[in-house]
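Okay, here's what each chain looks like letter by letter:
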Amino acid sequence: MEKVLIETYGCQMNFADSEVVGAILKTNNYALTDDIEQADFVLINTCAIRDNAEQRVRHRVRELKAQQNKRRQMRIGILGCMAERLQSQLMSEEENVSFVVGPDAYRQLPSILQQVRQGQKAAETELSQTETYADIEPVRLASNGISAYISIMRGCQNYCTYCVVPYTRGRERSRQPQTIVDEARKLWQQGYREVTLLGQNVNSYNCDNYDFPQLIEDVAAISPDLRVRFATSHPKDLSDKLLQAMAAHSNICRCIHLPVQSGSNHMLKAMNRHYTIEWYLERVDAIRKYIPDCSITTDVIAGFCGETLDDHQATLDLFRQVRYDYAYMFKYSMRPNTYAHRHMHDDVGEEEKTRRLNEIIKLQGEIALENNQKEIGREYEVLVEGVSHRNKSQLFGRNSQNKVIVFDKRDAIPGTYRRTIVESCTAATLIGKLAD
Ligand code: SAH
Ligand code: SF4
Ligand code: F3S
């Protein structure tokens, strides 16, 4: 049997896709391996969201040349968003890449590998209006046997002006709900205790008028001991109906990722986000009204086209007001062929972008620490996940709010729920002890 190694970069959707790819290859008599010395094919599932994401992949591809010189039969293929963005151009730029396959063409991988084995090069990057891989049961590559991803929709057509995803992932399409609920139930029966429902904008999930609140309630109904998470929520579509569904099921986790991108209405308009800061803050209030113990996390971009110092201040002010529990913070990276690339000017200098980003990071670090300090003395149920990376005599788990809590092992077992009391903290972690 030929062996395939899959490496994954980018977002959770990409990790979920790699598990679909793994399943397709296994059914076609390939074996999966983690050992590069054994691999006949190395598939790199890539991200194109920022230039540095692409540079990492190019670096990795070049690094693999040494392996290829040792083992001439080893072939490298690029999957995912970079494959879709650059198509066969990628093979002329990186001459040790033999094939590129876009996110909607994974069913063709077995036949592509066959062509490649015969010494040909291959590119398959057609996007689809309908492909959801609904019938494929993913192999759980990234999983600890406790928590798994379920992809519920594909694509995005929001066309935020900075973003490459609508071009790399195609039109939005929702997967048949029954296949999602069945997949979640099977995971539960196999011993999984947490599923994360994934889409670029889960709030716009819609399959013949069956919507995301209905879906999440049906998944949550599988068992009160199955935790249900989801990402990502676009603020423009965050409905009261979803918040009510969350409030009604304590196993739908108390954490909403609500990417704001900027605190300035002027920027939000330029970004084509379809909401104002007033709308966004009203949604934050609604979250806190329906689910008072909900954590809120976000994504933000520093230095988008035309961002003034006032716009940047507005972002800092917003952070002070919302007091996020966690934020993913990025410097704007101009992506070829996006609306911003075609019609706007990347006019905030690199150094100034870094300065603004660092200002946001510093502020958010202070806020996260203060938020965590308020947790001291509180008791939380955690789903125990495994041994702490820092200290082997400790375990870690997450509470419903998705905060990591580390605690002394004692008799706790990964995959079970335990009550813990928070005793101290850093900006990133809560440190506690078992309560019983
Ligand atoms: N669908 C999700 C986001 C997916 S991309 C949503 O709309 O919220 C993840 C994050 O990457 C985005 O939220 C944004 O903050 C960031 N991002 C996207 N394009 C970017 C770019 N060109 N430069 C810098 N950050 C970007
Ligand atoms: Fe990109 Fe906007 Fe779609 Fe998110 S909603 S993936 S930021 S275009
Ligand atoms: Fe990256 Fe594609 Fe995800 S560009 S963030 S891997 S959808």
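The rules we used
- Residues numbered from 1 in each chain as written.
- Chains lettered and ligands numbered in written order.
- Predicted model: local features only at pLDDT ≥ 70, side-chain atom pairs only at ≥ 80, totals over all residues.
- Heavy atoms only, no water.
- Pairing = 2+ DSSP bridges.
- Helix = DSSP H or I, 4+ residues; strand = E, 2+ residues; numbered from the N terminus.
- Axes fitted to C-alpha atoms, helices over the stretch in contact; angles between N-to-C directions.
- 1 Å grid on protein atoms, 1.4 Å probe; cavity = no way out; pocket = protein on both sides within 12 Å on 5 of 7 lines; lining within 4 Å.
- Points joined across faces, edges and corners; volume = space filled by probe spheres on them.
- Nonpolar A, V, L, I, M, F, W, Y, C, P; charged D, E, K, R; others polar.

Undergrad: Explain the pairing of strand 17 (residues 379-387) to me, using residue names and the numbers behind them.
TA: Both strand 17 and strand 20 (residues 417-425) contribute to a ladder of five bridges, which runs antiparallel. Each residue of the ladder has a partner; that of Glu-381, found in strand 20, is Arg-419. Judged from the four bridges that link them, strand 17 and strand 18 (residues 394-398) form a sheet pairing that is antiparallel. Of the residues in strand 18, the one forming a bridge with Gly-386 is Phe-396. Adjacent in sequence and paired antiparallel, strand 17 and strand 18 are bridged by six residues.

Undergrad: Residue-level account of the sheet that holds strand 13 (residues 227-231), with values.
TA: Strand pairing in a sheet is mediated by backbone hydrogen bonds. Such pairs are either parallel or antiparallel. Read from one edge of the open sheet, three strands run 7-10-13, paired in parallel fashion. On the outer flanks of this sheet lie strand 7 (147-151) and strand 13, each paired with one strand and no other. For this sheet the average axis-to-axis angle between neighbouring strands, irrespective of direction, equals 25°. For strand 10 (residues 194-198) and strand 13, the ladder comprises five bridges, and the chain directions are parallel. The residue of strand 13 that forms the bridge with Leu-197 is Phe-230.

Undergrad: Provide a residue-level description of empty space enclosed by the protein, including the pertinent values.
TA: Scanning all chains against the criterion turns up one cavity of 30 Å³ or more. Along its surface, the largest cavity is lined by 15 residues, and Ala-16, Val-20, Pro-138, Ser-151 and Arg-175 are the ones closest to its centre. Those elements that place two or more of their residues in the lining of the largest cavity are helix 1 (12-27) and strand 7. It is helix 1 that provides the largest number of residues to the lining of the largest cavity, a total of four residues. By residue class, the composition of the lining of the largest cavity is seven nonpolar, two polar and six charged.

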